[in-house]
Amino acid sequence: MGHTGKRVRGGGRGGRGGRGGRRPGSARGGRWREAAGTVAVVADEAGFALLRRRCPTLGFADHAGYLRATEALLRSLAGRHGHTSVALFDPAGFADYCEREGLPPDSPASRARYTAEVAARGATVPYAGQSMDRLLPELRAERHRRDTWELGGDLLAAAGDCADCGAPQARCAFRRAAGLLAGVLERVGPGSHHLVATALPDTAPLAAELTVQIGADGELRVAEPAALALCTVLAVCFATGDPGGLVLRSTPAEPGAQEVRGWSLRARRARPLTAGEVFAAYCTDGATGEPVPPEPGVSYLPAPEPPPTECLRW
């Protein structure tokens, strides 16, 4: 567990201004404190066991006790200082960091420096009093989004220039991805819509999820970081020509069956899947090829034709 923070003390001379009077707006004794810190947490038992082997003085006997102590620390920091963010602590990454920087691993200062390094990369979530059961999945999802951006960004940067307009392929591909997402959402009605995009480059599979709420008036509520990650995955397919797909699962605002549709991404084009293709994809075991019973209350529907996806030349 690592913790970084900043404390500011004010008030000078015991916090008194003028002739012994208290400064307006100051706390008792003329002192006030602000802090914005990050706590890094080891999410799984295997990682915790690895950290304990490298840090004998860590002071926790088991992962469950460690998580309880971490949650108590978060509540204390939030109660005293307000804003606190949380990051994932990767014991293997910490070991590499210590070796690279020449730091002793069994040191609170080393763990704090590593936590600051992780926080600087942006893979953090704000702590708002949520339990560990909620916080850890949020952290894993944020870390996955960050990894998707980084790997997807590398693939887009290596894709060269667009053959149609000569602009960087990354810019054209991202514009086409955003156009596909917008076009899909324009063709669905009010309700909750969950999208999953996948890309299958030679390096490693990429995947991103996005949940969109559409109101009766057509207003969209969407988390921008998740939308950017999903567009990054789609852009990789458009830029590289690697295969992928987009699946949409909709829960209509009016009570009724969930609806599933899908598009195949190949040769830089999005092709709508038929109802039979969607059913086959969901109702076939990917490992064995054996049929799987369909989910109750789910309708597998043909996808609409997506709008044309344009590069910068158009």
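A few points on the structure. (Residues numbered from 1 in each chain as written. Predicted model: local features only at pLDDT ≥ 70, side-chain atom pairs only at ≥ 80, totals over all residues. Heavy atoms only, no water.)

**Describing unusual backbone geometry**
Heads up, the condition is: For helices the rule is a DSSP run of H or I covering at least 4 residues; for strands it is a run of E covering at least 2, with both sets numbered from the N terminus onward. Under the scheme applied here, a residue whose accessible area is under 20% of the maximum for its type counts as buried, over 50% as exposed, and between as partly exposed, the area being computed with a 1.4 Å probe on protein chains only.
Positioned with a positive phi, Ala 267 is a non-glycine residue whose angle comes to about 50°. Locating Ala 267 in the fold gives a position in the loop between strand E13 (258-266) and strand E14 (269-272). Overall, the relative accessible area of 60% leaves Ala 267 in the exposed class. The residue Arg 268 is not glycine, and still its phi comes out positive at about 65°. Topologically, Arg 268 is positioned in the loop between E13 and E14.

**Looking at helix H6 (residues 169-186)**
Which entries qualify depends on this criterion: A helix is expected to span 1.5 Å for every residue after the first.
If you check H6, its first and last C-alpha atoms are 26 Å apart, about what 18 residues at 1.5 Å a residue would give, namely 26 Å. Of the residues making up H6, those classed as buried are Gln 169, Cys 172, Ala 173, Arg 176, Ala 177, Leu 180, Leu 181, Gly 183, Val 184 and Leu 185.

**Examining the environment of Arg 176**
Along the chain, the position of Arg 176 falls in helix H6. Residue classification places Arg 176 among the buried positions, given a relative accessible area of 9%. Considering only alpha carbons, one finds Arg 176 and Phe 238, 62 residues apart in sequence, at a separation of 7.4 Å.

**Notes on the packing of aromatic side chains**
For clarity, the threshold we go by: Two rings belonging to Phe, Tyr or Trp (six-membered ring only in the last case) form a pair when the distance between their centres is within 6.5 Å. Interplanar angles under 30 degrees mark stacking, angles over 60 mark edge-to-face geometry, and anything in between is tilted.
One pass over the full model with this rule turns up eight aromatic pairs. With a centroid separation of 5.1 Å and 35° between ring planes, the pair formed by Phe 48 and Tyr 66 is classed as tilted. Remark: Tyr 66 occurs in helix H2 (residues 63-81) and Phe 48 occurs in helix H1 (residues 45-54); sequence separation between them is 18 residues. Measuring from ring centre to ring centre gives 5.8 Å for Tyr 282 and Tyr 300, while their planes differ by 45°; the resulting arrangement is tilted. With a gap of 18 residues between them, Tyr 282 in helix H8 (residues 275-282) and Tyr 300 in strand E15 (residues 298-300) connect regions that are remote in the sequence. Taking relative accessible area as the criterion, Tyr 282 reaches 30% and is therefore assigned partly exposed. On the accessibility criterion, Tyr 300 (12% relative accessible area) is buried. One aromatic cluster is present, built from ring pairs that chain together Phe 89, Phe 94, Tyr 97 and Tyr 114.

**With respect to the pairing of E13**
A regular strand places its side chains so that they alternate between the two faces of the sheet. For clarity, the cut-off: For two strands to be treated as a pair, DSSP must find at least two bridges joining them.
Of the pairings in the sheet, the one linking strand E12 (residues 244-252) to E13 comprises seven bridges and is antiparallel in character. Its bridge partner lying in E13, Leu 246 is registered against Trp 263. What sits between the antiparallel neighbours E12 and E13 is a turn of five residues. Here E13 runs beside E15; their pairing, made up of three bridges, is parallel. Its bridge partner lying in E15, Glu 259 is registered against Ser 299. For E13 and E14, the ladder comprises four bridges, and the chain directions are antiparallel. Looking at the pairing, Ser 264 lines up with Arg 271 of E14. Counting the residues that bridge the hairpin from E13 to E14 gives two residues, and of these Ala 267 lies at a positive phi of roughly 50°.

**A short note on the packing of helix H5 (residues 132-157) against helix H7 (residues 224-240)**
Using the following cut-off: All axes here are fitted lines through C-alpha atoms, helices being fitted over the stretch that makes contact, and every angle between N-to-C directions spans 0 to 180 degrees. Working definition: roughly parallel below 35 degrees, roughly antiparallel above 145 degrees, roughly perpendicular at 65 to 115 degrees, and oblique for all remaining angles. Handedness of a crossing is defined here by the sense of rotation of the near helix relative to the far one, left-handed for an anticlockwise turn of less than a right angle and right-handed for a clockwise turn. Every residue pair with non-hydrogen atoms within 4.5 Å of one another is taken to be in contact. Only Asp, Glu, Lys and Arg are considered charged, only Ala, Val, Leu, Ile, Met, Phe, Trp, Tyr, Cys and Pro nonpolar, and every remaining residue, Gly among them, polar.
Taken N-terminus to C-terminus, the directions of H5 and H7 make an angle of 30°; their axes are 9 Å apart at the nearest point. With respect to H7, the element H5 is oriented roughly parallel. Between H5 and H7 lies a crossing of left-handed hand. Here Arg 145, Thr 148, Trp 149, Gly 152, Gly 153, Leu 155 and Leu 156 of H5 lie close against H7, whose contacting residues are Pro 225, Ala 226, Leu 228, Ala 229, Thr 232, Val 233, Ala 235, Val 236 and Ala 239. The residue inventory of the contact of H5 with H7, partitioned by class, reads eleven nonpolar, four polar and one charged.

**Remarks on the layout of surface pockets**
Rules: Think of a 1 Å grid over just the protein atoms. A cavity is a set of points where a 1.4 Å probe fits yet cannot get out, a pocket is an open set with protein on both sides within 12 Å along at least five of seven lines, and lining residues have an atom within 4 Å of a point. Grid points are joined across faces, edges and corners, and a volume is the space filled by probe spheres set on the points.
Taken as a whole, the largest pocket holds about 270 Å³ of empty space. Lining the largest pocket we find 13 residues, and of these Ala 141, Arg 145, Glu 209, Leu 210 and Ala 226 sit closest to its centre. A per-element tally of the lining of the largest pocket places strand E10 (residues 206-214) first, with five residues. Each residue belonging to the lining of the largest pocket can be placed in one class, and the counts come to eight nonpolar, three polar and two charged.

**Notes on the pattern of salt bridges**
Working definition: two side chains of opposite charge can pair if their charged atoms are close together. For clarity, the cut-off: What counts as a salt bridge is simple: a side-chain nitrogen of Lys or Arg found within 4 Å of a carboxyl oxygen of Asp or Glu.
Per the counting criterion, the structure on display carries ten salt bridges. Arg 100 serves as the salt-bridge partner of Glu 101, at 3.9 Å between the closest nitrogen and oxygen. Classification of Glu 101 by relative accessible area gives partly exposed; the value is 39%. A single salt-bridge network, built from bridges that share partners, covers Asp 90, Arg 143 and Asp 147.

**Here we look at H1**
How we decide: The reported arc concerns the directions from the helix axis to the C-beta atoms and nothing else. Contacts described as polar in this section are N or O atom pairs within 3.5 Å, which, within protein, must combine one atom able to donate a hydrogen with one able to accept it, while residues neighboring in sequence count only if both atoms come from side chains.
When H1 is considered as a whole, its buried residues turn out to be Gly 47, Phe 48 and Leu 51. The arc enclosing the buried residues of H1, seen along the axis, measures out at 100°, which places them on a common side. The outward face of H1, more than 90 degrees from its buried face, is lined by the exposed residues Glu 45, Ala 46 and Arg 53. By the N-cap criterion, in which a side-chain oxygen at the helix start approaches the backbone nitrogen of a residue two or three places on, H1 is capped by Asp 44, the distance to Ala 46 being 3.3 Å.

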